[in-house]
Amino acid sequence: MYFHIPFCDTVCYYCACNKIITRNRAHAEPYLENLFKEVVLQAALFDNKRIVNQLHWGGGTPTFLDCGQMSRPMAVTRQHFNLKDDDSGEYSIEIDPRATDDQTIRQLRELGFNRISLGVQDFDPAVQQAVNRIQSEAQTFAVLEAARKHGFRSTSIDLIYGLSLQTVASFG
Ligand SMILES: C[S@@+](CC[C@H](N)C(=O)[O-])C[C@H]1O[C@@H](n2cnc3c(N)ncnc32)[C@H](O)[C@@H]1O
Ligand code: SF4
């Protein structure tokens, strides 16, 4: 199952994802309400004995949702689909380290996610400035460490080559 959470609070200039840029968290509410209706409609099409082996939240930025908002899609999905509860599924989420702290990582793990991917792109400050995505190494690695601490069994980072000002040497 794939869930698309299309909101981000700032825009990265290279981005080709399907997204809505807003700082207003309330904009997520009507989207979530429609998402829940869609979950119910889709569930009616499937044999509910079928197990959900793989589940993924992407975006946009799923961690745009606040703590309360984040727990509801998983609860509705559990209500209508047969999610694994022994942590043996591959339940993954894309997160933005600029918008994620230790508490959020812990909550995501409690919700049942066990794989996490962090948006990075490049650590070069000049490149970050050029693409409007300022993100320190310390911030990124703190989130990576939190993911390991809270028991995520797969961690990965997204990098992009081809951004403004990058060279082969700087990217290396
Ligand atoms: C949904 S974002 C990841 C989560 C979060 N929104 C973030 O940026 O940290 C998915 C990934 O798509 C990649 N991406 C976005 N636009 C791209 C493009 N034009 N070409 C290649 N990769 C792109 C980036 O590496 C980005 O981290
Ligand atoms: S935060 Fe992620 S989805 Fe949003 S604009 Fe940046 S790369 Fe795209």
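Before reading on, note that the structure itself is shown above.
Residues numbered from 1 in each chain as written. Chains lettered and ligands numbered in written order. Predicted model: local features only at pLDDT ≥ 70, side-chain atom pairs only at ≥ 80, totals over all residues.

K.L.:
Looking at this model, I keep getting lost on the site of ligand 2. Mind explaining?
P.N.:
With respect to spatial proximity, the complete set of residues near ligand 2 consists of Cys8, Val11, Cys12, Cys15, Cys17, Lys19, Gly59, Gly60, Thr61, Asp96 and Gly119. Broken down by class, the residue content of the shell around ligand 2 amounts to five nonpolar, four polar and two charged. (Near = placed C-beta within 6 Å. Nonpolar A, V, L, I, M, F, W, Y, C, P; charged D, E, K, R; others polar.)

K.L.:
Before we go on, may I ask you to explain unusual backbone geometry in this structure?
P.N.:
Excluding glycine, residues mostly have negative phi values, and the peptide bonds linking residues are mostly trans. Geometrically, the link from Gly59 to Gly60 is a cis peptide bond, its omega value of 20° lying close to zero. We note that Asp87 has phi near 65°; this positive angle belongs to a residue other than glycine. Take Asp87: it is sitting in the loop between strand S6 (82-83) and strand S7 (90-95). A residue is classified by how many C-beta atoms lie within 10 Å of it, and Asp87, with 12 of them, is exposed. With phi around 75°, Leu165 is a residue other than glycine that occupies positive phi space. As for its placement among the helices and strands, Leu165 is situated in the loop between strand S9 (154-159) and helix H6 (168-171). (Helix = DSSP H or I, 4+ residues; strand = E, 2+ residues; numbered from the N terminus. Buried ≥ 20, exposed ≤ 12 C-beta atoms within 10 Å, placed from the backbone.)

K.L.:
Sorry, what's going on with the sheet that holds S9 here?
P.N.:
Backbone hydrogen bonds hold the strands of a sheet together, and the pairing may be parallel or antiparallel. With parallel pairing, five strands are arranged side by side in an open sheet as S1-S5-S7-S8-S9. Either end of the sheet is taken by a strand with one partner, and the two such strands are strand S1 (2-5) and S9. This sheet shows a mean twist of 20° between the axes of neighbouring strands, independent of strand direction. Sitting on the sheet, helix H5 (residues 137-149) is in contact with strand S8 (115-121) and S9, with an inclination near 175° to S8. (Pairing = 2+ DSSP bridges. Axes fitted to C-alpha atoms, helices over the stretch in contact; angles between N-to-C directions. Contact = placed C-beta atoms within 7 Å.)

K.L.:
Mind showing me how you'd approach the site of ligand 1 here?
P.N.:
By nearness alone, 15 residues border ligand 1, and Ala16, Glu94, Asp96, Gly119 and Asp158 come closest of all. For the shell around ligand 1, the secondary structure elements donating two or more residues are strand S5 (54-59) and S8. In the shell around ligand 1, the residues fall into six nonpolar, six polar and three charged.

K.L.:
Just to check I follow, could you spell out the pairing of S8 for this structure?
P.N.:
A regular strand places its side chains on the two faces of the sheet in alternate fashion. Bridging between S7 and S8 involves four bridges; their strand directions are parallel. Bridging from a neighbouring strand, Glu94 pairs with Ser117 of S8. The handedness of the S7 to S8 crossover, carried by helix H3 (residues 102-111), is right-handed. Bridging between S8 and S9 involves six bridges; their strand directions are parallel. Residue pairing in the sheet places Arg115 in a bridge with Ser154 of S9. (Right-handed = clockwise from strand over helix to strand, strands pointing away.)

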